[in-house]
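# A look at the structure
So you can see what is in the structure, the chains are spelled out below.
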Amino acid sequence: MSDVPEKSLERYDVLDRIAVGGMAEVFLAKAYGAHGFEKTLAIKRILPELARDPEFEERFIAEAKVAVKLSHTNVVQVFDFGVEDGQPFLVMELVEGVDLSEVLKSEGTLDSLRAVQLMRQLASALEEAHRLGVVHRDIKPQNMKLLRYKPGGKVVLKVLDFGMAKQVNKVDQRLTAPGMLVGTPKYVAPEQVTENPIIDGRADL
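The structure presented is a predicted model; accordingly, all values stated were derived computationally and were not measured.

Here the focus is the sheet that holds strand β3 (residues 38-46). Taken in spatial order, the five strands of this open sheet run β1-β2-β3-β5-β4, and their pairing is antiparallel. A strand with exactly one partner marks an edge of an open sheet, and here the two such strands are β1 (12-20) and β4 (78-84). Direction aside, the axes of adjacent strands within the sheet are offset by 25° on average. Relative to strand β5 (residues 87-93), β3 runs antiparallel, the two being bridged by five bridges. In the strand pairing of β5, I43 is matched with V91.

If you walk through the whole model with that rule in mind, you get nine salt bridges. Here K145 makes a salt bridge to D99, at a shortest N to O gap of 3.0 Å. Taken as a pair, K145 in strand β8 (residues 144-147) and D99 in strand β6 (residues 97-99) lie far apart in primary sequence, 46 residues in all. In terms of burial, K145 and D99 fall into one category: buried. Its salt-bridge partner being K140, residue D138 comes within 3.5 Å of it at the nearest N-O pair. Of the two residues, D138 and K140, neither departs from the other in class, the shared state being buried. Connected through salt bridges with shared partners, the residues R17, E25 and R45 form a single ionic network.

Pairing analysis gives seven bridges linking β1 to strand β2 (residues 24-32), with the strands arranged antiparallel. Looking across to β2, one finds that V20 is bridged to E25. What sits between β1 and β2 in their antiparallel hairpin is a turn of three residues.

In this section: the sheet that holds β8. If you walk across this open sheet you meet the three strands as β6-β8-β9, and the pairing is antiparallel. Each having just a single partner strand, β6 and β9 (157-159) make up the two edges of the open sheet. Shown here is a sheet whose adjacent strand axes are inclined to one another by a mean of 30°, direction ignored. One ladder, built from three bridges, connects β8 with β9; its direction is antiparallel. Bridging from a neighbouring strand, L146 pairs with L157 of β9.

Reading guide: rules and limits
Residues numbered from 1 in each chain as written. Predicted model: local features only at pLDDT ≥ 70, side-chain atom pairs only at ≥ 80, totals over all residues. Heavy atoms only, no water. Pairing = 2+ DSSP bridges. Helix = DSSP H or I, 4+ residues; strand = E, 2+ residues; numbered from the N terminus. Axes fitted to C-alpha atoms, helices over the stretch in contact; angles between N-to-C directions. Salt bridge = Lys/Arg side-chain N within 4 Å of Asp/Glu carboxyl O. Buried < 20%, exposed > 50% of the residue type's maximum accessible area, 1.4 Å probe, protein only.

Below is the structure:
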C-alpha cells in the first residue's frame, strides 16, 4: 500500500462515469461549499480490478505526484488526490472539448496560423513541465484537447494524461522495465524504442 493517506470521496457528489480506459475510470462530480458554491469536476480512479496490484497503484500515485506539481493554463489542473477503500483517486479539472485527433479527422490538415497557435500553447505547457523535470512521453493528438472548439475559431489547448510521465533522474526504474515501450508507437521519439532509453524533454519536442 502506498504512503498516500486515506481520504473520503463523500464530500463530492459523483454523478456519472464518463470515461474508462485500460488503467482508470473517470467520473463526473460536483463539489459544494458555503454560500451556494458549486464546482463541476472530474474524478479519476484506478480500476477496482487493478487496485490490488501494487505496481498499478504505484503508477497511479506517481501520476498524481507529478500532476499536482504542474500549474499551467494549458495543462489539466489537479486539485486533490488520495486513496479511498484501497482505490487511489485524482480530483481534477473537468475538460470539455474535442481531441485534436477528431479535428484532424473531420477537417484535415490545420492551416498554418491555427497550427502555430496550437504549437505555441503546447510548447509553453511542455516548457513548464520540463522546467520541473517532468517528461510526458506520450504527446499525440489524442492527448491534446481543444476547448470550446469551433472551426475557424480560437484554439485553446489542454494537454491531457500525464499518466506515463516520468521525473528525470527521480523515476523509480522498477516501474519502467528494460525493453518496455512507454508511449504510442506512431508518435514516440526514436530514442524511446531503444532497450534502455535515456529520456529527457527533447523526446516530447
